[in-house]
Amino acid sequence: MRKIAFLLNVLVILVLVLVACGPTPTEAPAEPEEPAATEAPAEPEEPAATEAPAVSEHQAPMLQELVASGDLPPLAERLPKDVLTVPVVESIGQYGGTWHALDEDTGLGRMKMALYEPHIRWKPDYTGYEPGLVKDWEFEDDGNTLILHFREGIKWSDGDDFNMDDMKFWWEDLATNEDYKVVQIPWWGFNTDNTPMTVEFPDDYTMIFKWDSPHWVTPFTLAQGFWEGMDHFKPSHYLKQFHPTYNSDASYDDLELADKYWETPGYPCLFAWCCSDVTPGERVFFERNPYYWKVDPEGNQLPYIDYVEVDIVGDRETRILQLSQGKYEIDFRGSNNPLDIPFLTEQAEAGGYHLQPGWMNGAGAWPGWIINQDYVPDEGIRDLLRDTNFRKGLSHAMDRERIIDVAWGGIGTPQQATISPQSWHFASPEGQEVFKAWQQADATYDPDLAVEYFEKANFTDQDGDGLRDLPSGEPFQLVIDMTGWARDEIETPAAETFRENLIELGVDVAPLNMVSGTPDSSLREKESTFMLRGCHASEVDIWTYPDWIFPLRGGGEGSRSWPMQGKWRQTGGAEGWEPEPDSPAAKLQALYDKGMAEPTVEGRHKIVWEAIQIHIDEGPFTLGAAGDQPMPVIVKNNVHNVPEFGILGPWAPGSPGNTNPSQYWIEQ
Amino acid sequence: MITYLMRRLGYAAIMLVVVSFVSFLIIDLPPGDYMDQKLAELSQRGDRSAETRIEEYRAKYGLDKPLLQRYWMWASNFVKGDFGESFQFERPVKDILGERLQMTILLAMFALAVMWIVAIPLGVYSAVNQYSLGDQIMTTIAFIGMGMPNFLLALLVLFFAVVVLDADITGLFSREFRDAPWSLAKAWDLLKHMWIPSLIAAVTGSAGLIRIMRANLLDTLGMPFVEAARARGLKNRTVIWKHAVRIAINPLVVILGSEHIPGIINRNMLLAYILNLPTIGPVFIGALLVQDSYMAGTCLVFLIMLTLIGNLLADIGLAWLDPRIRLE
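About the thresholds
Residues numbered from 1 in each chain as written. Chains lettered and ligands numbered in written order. Predicted model: local features only at pLDDT ≥ 70, side-chain atom pairs only at ≥ 80, totals over all residues. Helix = DSSP H or I, 4+ residues; strand = E, 2+ residues; numbered from the N terminus. Buried ≥ 20, exposed ≤ 12 C-beta atoms within 10 Å, placed from the backbone. Contact = placed C-beta atoms within 7 Å. pLDDT = per-residue confidence, 0-100. Pairing = 2+ DSSP bridges. Axes fitted to C-alpha atoms, helices over the stretch in contact; angles between N-to-C directions. Parallel < 35°, antiparallel > 145°, perpendicular 65-115°, else oblique. Left-handed = near helix turned anticlockwise from the far one by under 90°. Nonpolar A, V, L, I, M, F, W, Y, C, P; charged D, E, K, R; others polar.

Looking now at the overall build of chain B. When helices and strands are tallied, chain B shows 16 helices and two strands. With the principal axes as the frame, chain B shows a C-alpha extent of 85 × 60 × 40 Å. Residues classed as buried in chain B amount to 41% of the 328 residues present. Nonlocal contacts in chain B, meaning residues at least 24 apart in sequence, comprise 72% of its contacts between residues at least 6 apart.

Next up on the list: the confidence of the model for chain A. Model confidence for chain A is summarised by a mean pLDDT of 86, while 91% of its residues fall at 70 or above. This model gives residues 14-52 of chain A a pLDDT under 50, and the stretch forms 40 contacts once residues within four places in sequence are excluded.

Another point: the sheet that holds strand β16 (residues 365-371) of chain A. Residues and elements named next belong to chain A. Taken together, five strands build an open sheet; the order of strands is β19-β18-β20-β16-β21 and the sheet is mixed. Two strands in the sheet have a free side with no partner beyond their single neighbour: β19 (508-513) and β21 (622-624). Recorded for the sheet is a direction-independent mean angle of 30 degrees between the axes of neighbouring strands. For β16 and β21, the ladder comprises three bridges, and the chain directions are antiparallel. Looking at β21, one finds that I370 is bridged to T622. Its contacts with the sheet place helix α19 (residues 488-504) against β16, β18 (477-482), β19 and β20 (532-537), and it is angled at close to 170 degrees to β19.

Here we take up the packing of helix α5 (residues 93-128) of chain B against helix α6 (residues 133-147) of chain B. Residue and element names in this part refer to chain B. Between α5 and α6, the shortest axis-to-axis distance is 8 Å and the interhelical angle comes to 130 degrees. In terms of axis orientation, α5 runs oblique to α6. Along this stretch, α5 crosses α6, giving a crossing that reads as left-handed. Facing α5, whose interface residues are L122, Y125 and S126, α6 presents G134, D135, M138 and T139. Within the contact of α5 with α6, the residues separate by chemical class into three nonpolar, three polar and one charged.

Pasting the structure below:
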């Protein structure tokens, strides 16, 4: 017995020792206001202080103190010549506070959406684009030359000048550097013969791209999410110490490890907040950039909020519970699920927050099902899937109201699959008409009409087993892949409901449940062996991300309904299948080329409408059940200037980054 | 004794190689790899530039090489202390696990201590007072504890704590203490957070131990030597604790070695995932889900190592506790 007691004692002592020598905290984030505050007034022997220029009050108190103590140059020296004035949503803010934010994984994708600063950005209301780091841009040479004029005098967060040395570093030392694979030439940065575009830097603030074909869309491509543009803005003065060309002791692995602006403390950035501390996999701490180049309409330097602290929480249920406790000032994608709205609303009062109205998903189909036009394993099935009558029959067989009731608890609009209703292609009255027509195309629930269409497609029961067979007489089973793309909890009941609709009409259906995120489902896409594939469709600008309308790419690389014909186009005819003349794929590819050569935005909108007409007449190529659900965006009641409109489904517009998070403020 | 130890360690090394290879193989079995998933995720988000990079990543992590070559690459570096790089974190596996190791051991030890301190006296009580009201209550609770998976209990407790108590319970520290240096207040804060995982681990973990302790002690109490001890006029207390429990505890020592020591890594994995604890468990789950092979493989190898060491320790411990057992 004594030995057991001894064992227990050892255990207890071990635990106590471990508690005592627990992890020593990685440097506590500096709180600059405290040391500065205690030191400044404690020096009465310096009467010269009265002569020194008054510190500008158009900056955060924590910076005023740093300026007063001489640790930071005055505001006027820190702001660029071409300062960007950001309109405020509701009021001029107060400085201070910490924005506690949530993210799902260490890549910090959700936070990057709030932080990033692109060349050119989406307007907060999604009606078009506006200048960012680039103050204006122009085309020459029929769209073959793009000239980008950067703002003059912007500084990195450590005070170093941002100029074309940095862009040159990106292009010459990283993107075109064969030895460094992490940063590559962007996909749009090639001539038609696959040689890289030419990049020129005539002066410190101008960058010129030259191709051998028109690139009217490229400025807008630069505005796409954080992933297109953020690779270009590299602090060369900082990164050169890790670059083998400049430091013979360094290796490219060192460079790759250091070149992560979202988790490298002290990495000079151009954002409102820069990374200052990190606990990998748990938490990242951001601190205001004293050299931020944006001001509010009264000339106060932004951002208003001092710090951003991001918690990384992998489990969704835990995130929702934490959100419901009001632990996070502003959250856009922590829940990311309209089904959480009732619970979050119920807890709002206790948690001291509200759900921001007007934030939508922007889904044109949630859920939707991509119909494979290039089904590889069987020609008979492929012909059926390519038959417009069959597809229209499927669409009319779907009871969308019921799917919305079963899967969504009543949230959303029944509709055919489209891109985002809020897309700028549909902003004009004419555009609205096109959108309405697309949204309602074959979207009625009409089993009789569906049967009529099936019969037109020669899709009938030939062997008398009560199930419809292929026109050749072979039995047929329609397989619906559930991929998790539209969320398992939505896709599964939706597919099940659709299956019931179809079985009533004698269609044999098998939903195939892929565990979401497993490679199996991507493999079926890659090899084009799926029939119907669950999806979530949304896009605000189709030219920068064309796949929902135009077949341009192969399976597994962004293709939607035409994996093989897209592959053909992508590989320049080397692989895949050539579209038959006058087929939808051929017509859509031709329209895409026409759009790429069209210099005006309005002209391109018209081409989108033309392409949509093909989808209406010969489609649907993607079946849609419901769309445009609202999203739960959580804002604490003491937080201001978060707009009452936004779109979170498509990532391309970079929401919430386009709504200027630097002007959000927290009541102190 | 020395030869015995050498032999056991030799077997352990062979075992380690075989099991690590098999687990590497199993992780690799599903079609596709991590980069397929990464590409799918990025393209759903609308990232067109990702495609150009994905093949480069594949080459960088050696995913374009055959399985045997990859295993050899990883295993030979493993011996040198380089566990490879995690695909998801894009950092060395060693760094990620290293940062989490201390909290993992701390939490596991704490839960273990709670479990044992609860289980042994209750098990003894149950056996000695068989079929009493106390025993019945304990049995009921123990069966619920055994039947309920700890992650489910964690979700229930979480919901209760958040919605009813409005307590701050996820993670191990409150915000204000996360970066603070160690102090009494911080230790108190840690205890305030640790009661949930410990309670859950104790309820679900002690249950089995209580039952085993009870059953074994009941067996032992009926044995002639106990009777003989009683006949010699020894105090009841002494008979139970000194004579009976000492024999009956052997299976618990085996469990300690073979289950609880390797359990440091995986025992409360789901629980830690749900409570967002900074331990190895959640990383391990994440790695298995997305085929982050080197990360998952490394966790598995450590798990196996701990199992082998635990078994060895259990055997040595048993020999020490019970003079009838000899190591041969």
